[in-house]
Amino acid sequence: MRYNLWFGVYEDGKVEKSSNLEESFLNAENEEPAPFNISEVGVKIFGGRVEYYTSLRKVALAVAERLVEQELKREDRYVVALVKALEEVEEAINMLKEKVEDIRTVKDSEIVADFEDKIEELKNLKKKIEREIEEIMTKIAPNLTEIAGAKITAKLLERAGSMERLVKLPASKIQVIGAEKSLYKAFARMKKGKKAKIPKHGIIFLHPFIRTLPKSKRGKMARFLAAKIAIAAKIDYFRGEIDESLYESLRKRYEELRRK
Amino acid sequence: MKMVVRNVYLSDGMLVTKSRYGSHYGEKVFDGFREWIPWRSKLAAMILKGYTIDFRGEEIILYLGAASGTTLSHLADIIDEGFIYAVEYSAKPFEKLLELARERTNIIPLLFDASKPWKYSGIVEKVDFIYQDIAQKNQVDILERNTEFFLKEGGEILIMVKARSIDSTAEPEEVFDNVLKRIESRFEILKHGNLEPYHKDHLFVHAKLF
Ligand SMILES: C[S@@+](CC[C@H](N)C(=O)[O-])C[C@H]1O[C@@H](n2cnc3c(N)ncnc32)[C@H](O)[C@@H]1O
């Protein structure tokens, strides 16, 4: 068996040392656990325990620094692209469903079955994209995901365009993201001197803590949630560490409003 | 001052670790000690509640979910003659962990996904101890996979379980029972308990591989 180790390739008890340690470090993948202890082999190769760990740390640090920089730049853009793609896929599914219905009412032919296969395939793709979005959101925005869920968070991120821009949005804006259309309509009516209702919530309306409240309480909850989202976005962007108290305060506020 | 675990002391109700280093996350530092804040670290909460672990200081540890290094910084004080492989997959907190890893010669930072141990299987050696704090739905699977790849026979694990991450609708007690049952099938459980009042609905499990 061959084993890819961070300092080279191990085969039949011998090691061929790598000429580029950073590269072999990133390729140190193996399907099976090694039947020997890597450090024991390495200590011999590097000529001592101190030497082994000094090199390992040096390479690990260099690789980590490079990866961190790359990752920080890319992940949020990837989610933005995925959310956009997801919306298109959903539309395509709906469109195909309509068309196949049109065909079926005239004649239930083999083509109808083909259409249905395609729809099934697209549904699977949709699920896959959703899972990917969820996975990345919990990673790059753990607090947002915890308080608002991956779906809402990803949509907010998509509308904002990037984490950097999301972080700069005030809570009042976050509250109505996704309701722009009705917001502009309301403004237009007001300009003409007519009465209009200002929308109280956009995307965040999907949140169960808002949806499950009586209508009269939703505005209050939306304002509270938007404020917490604004805070969570900042923590995620600047520190990336989970703050348990955010969800707790949200739940408390929800219980309060529900009881009142 | 009373020593409760190697390099860990209780001083007037405050937990501290003996350390040559400065503050990492805003904790107080005084004459060679760093305050260890139980609200910030589940391991500190556990020790403060009277559950201890007999670290010898020369262990090789695999730490899954090291985040920005809050707990890791204290563990590095304790394991002053061993090494800690610190795995974290989120780049943001990892930036801060890197600051720590640059000054601590016993930390090996790894930006990897802990659910894919094969990706770092040619880097991490066989370890004496796995510490896991990753708040994920499949965290027990992740623990098992890493155990298979890296844990020595008779090695120990300490896992922090957050009920809401595993199942947000079930009762925490029910979630914990299931987790304990799964761990019991491969490990001998040494101790387990909650982390109230410092961390709500969390369970720690300390166990030893058969
Ligand atoms: C509760 S925090 C850990 C706090 C840390 N142990 C401490 O006490 O300082 C959980 C961490 O696990 C990380 N995490 C979650 N899933 C992971 C995975 N599959 N691989 C690596 N890290 C993961 C998260 O990014 C997060 O930083």
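Thresholds applied
- Residues numbered from 1 in each chain as written.
- Chains lettered and ligands numbered in written order.
- Predicted model: local features only at pLDDT ≥ 70, side-chain atom pairs only at ≥ 80, totals over all residues.
- Heavy atoms only, no water.
- Pairing = 2+ DSSP bridges.
- Helix = DSSP H or I, 4+ residues; strand = E, 2+ residues; numbered from the N terminus.
- Contact = heavy atoms within 4.5 Å.
- Buried area = accessible area lost by both parts, 1.4 Å probe.
- Salt bridge = Lys/Arg side-chain N within 4 Å of Asp/Glu carboxyl O.
- Axes fitted to C-alpha atoms, helices over the stretch in contact; angles between N-to-C directions.
- Parallel < 35°, antiparallel > 145°, perpendicular 65-115°, else oblique.
- Nonpolar A, V, L, I, M, F, W, Y, C, P; charged D, E, K, R; others polar.
- Near = heavy atom within 4 Å.
- Polar contact = N/O pair within 3.5 Å; in protein donor to acceptor, adjacent residues only side chain to side chain.
- Areas by Shrake-Rupley, 256 points an atom, 1.4 Å probe, with all protein chains shown as cover.
- Buried < 20%, exposed > 50% of the residue type's maximum accessible area, 1.4 Å probe, protein only.
- Domains from an automatic or database assignment.
- 1 Å grid on protein atoms, 1.4 Å probe; cavity = no way out; pocket = protein on both sides within 12 Å on 5 of 7 lines; lining within 4 Å.
- Points joined across faces, edges and corners; volume = space filled by probe spheres on them.

Peer 1: Outline the pairing of strand S2 (residues 8-11) of chain B, supporting the account with residue identities and numerical values.
Peer 2: Residues and elements named next belong to chain B. Pairing of strand S1 (residues 2-5) with S2 involves three bridges; the strand directions are antiparallel. Considered in S2, the bridge of lysine 2 is made with leucine 10. The turn joining S1 and S2, which pair antiparallel and follow one another in sequence, is formed by two residues; a positive phi near 65° is taken by asparagine 7. Bridge analysis of S2 against strand S3 (residues 14-18) gives four bridges, and the strand direction is antiparallel. By the bridge assignment for S3, serine 11 is matched with methionine 14. Counting the residues between successive antiparallel strands, the hairpin from S2 to S3 contains two residues, one of them, aspartate 12, with a positive phi of roughly 50°.

Peer 1: Break down the interface of chain A and chain B for me, with residues and values.
Peer 2: Contact residues are listed per partner, giving 41 residues for chain A and 41 residues for chain B. With both chains or domains summed, chain A and chain B bury close to 3400 Å², and 56% of this area falls on carbon and sulfur atoms. Three residues stand out in chain A for area buried against chain B, namely Tyr53(A), Arg57(A) and Lys139(A), and they jointly supply 18% of the buried area on that side. Remark: the boundary between chain A and chain B carries six salt bridges. Salt-bridge contacts for Glu65(A) lead to Arg102(B); the nearest nitrogen and oxygen are separated by 2.7 Å.

Peer 1: Can you explain the sheet that holds strand S3 (residues 14-17) of chain A? Please cite residues and give values.
Peer 2: All names here are of chain A. One open sheet holds the three strands; their spatial order is S1-S2-S3, and the pairing between them is antiparallel. Whereas interior strands pair on both sides, the edge strands pair on one side only; in this sheet they are strand S1 (2-5) and S3. Going from strand to strand, the sheet's axes swing by 20° on average, the running direction of each strand aside. For S1 and strand S2 (residues 8-11), the ladder comprises four bridges, and the chain directions are antiparallel.

Peer 1: Provide a residue-level description of the sheet that holds S1(B), including the pertinent values.
Peer 2: All names here are of chain B. An order of S1-S2-S3-S5-S4 is seen for the five strands of this open sheet, with the pairing classed as antiparallel. The two strands at the open ends of the sheet, each matched to only one other strand, are S1 and strand S4 (29-30). Two strands pair when backbone bridges link them, and S4 and strand S5 (residues 33-35) are joined in this way by two bridges, in the antiparallel orientation. Among the inter-strand pairings, valine 29 is bridged to a residue of S5, identified as arginine 34.

Peer 1: Break down the packing of helix H5 (residues 142-160) of chain A against helix H10 (residues 215-238) of chain A for me, citing the residues and quoting the values.
Peer 2: All names here are of chain A. Their axes nearest at 10 Å, the elements H5 and H10 cross at an angle of 100°. When the axes of H5 and H10 are compared, the pair comes out roughly perpendicular. For the pair H5 and H10, contact is made by Pro142, Asn143, Leu144, Ile147, Ala148 and Leu156 and by Leu225, Lys228, Ile229, Ala232, Ala233, Ile235 and Asp236, respectively. Each residue belonging to the contact of H5 with H10 can be placed in one class, and the counts come to 10 nonpolar, one polar and two charged.

Peer 1: An account of the site of the ligand is requested, with residue identities and associated values reported.
Peer 2: All names here are of chain B. Taken together, 16 residues lie around the ligand, and Tyr63, Thr71, Glu88, Asp113 and Ala114 are the ones closest in. In this structure, a nitrogen atom belonging to the ligand sits 3.0 Å away from a main-chain N or O atom of glycine 65. Taking alanine 114, its main chain carries an N or O atom lying 2.8 Å from a nitrogen atom of the ligand. Coverage of the ligand by the protein amounts to 91% of the 610 Å² it exposes when considered alone. Looking at side-chain class alone, the shell around the ligand contains six nonpolar, six polar and four charged residues.

Peer 1: So, the pattern of salt bridges: which residues are in play, and what are the values?
Peer 2: A complete count under the given rule lists 35 salt bridges over all chains for this structure. One salt bridge in this structure joins Lys162(B) and Glu244(A), with 3.2 Å as the shortest N-O distance. Of this pair, Lys162(B) sits in strand S10 (residues 151-162) while Glu244(A) sits in helix H11 (residues 244-259), which puts the two residues in different chains. Its relative accessible area of 25% is what places Glu244(A) among the partly exposed residues.

Peer 1: Requested: an account of the packing of helix H3 (residues 49-106) of chain A against H5(A), with residues and values cited.
Peer 2: Residue and element names in this part refer to chain A. Their axes nearest at 9 Å, the elements H3 and H5 cross at an angle of 100°. As the angle between them shows, H3 and H5 are arranged roughly perpendicular. For the pair formed by H3 and H5, the contact residues are Asp76, Val79, Val80, Val83, Lys84 and Glu87 on the first element and Ala154, Leu157 and Glu158 on the second. A class-by-class count of the residues in the contact of H3 with H5 yields five nonpolar, no polar and four charged.

Peer 1: Can you explain the domain arrangement of chain A? Please cite residues and give values.
Peer 2: Domain boundaries in chain A define domain 1 (2-47), domain 2 (69-139) and domain 3 (141-260). Using C-alpha coordinates to define each centre, domain 1 of chain A is positioned 42 Å away from domain 2 of chain A.

Peer 1: Let's hear about the layout of surface pockets: which residues, and what values?
Peer 2: In this model, the second largest pocket occupies a volume close to 290 Å³. Considering the residues around the second largest pocket, the lining is formed by 15 residues, among which Leu72(A), Lys73(A), Asp76(A), Met163(A) and Tyr237(A) are closest to the centre. For the lining of the second largest pocket, the secondary-structure elements that each account for two or more residues are H3, helix H4 (110-140), helix H6 (163-168) and H10 of chain A together with helix H3 (91-103) of chain B. Shared between two domains, the lining of the second largest pocket takes at least three residues from each, and those domains are domain 2 (69-139) and domain 3 (141-260) of chain A.

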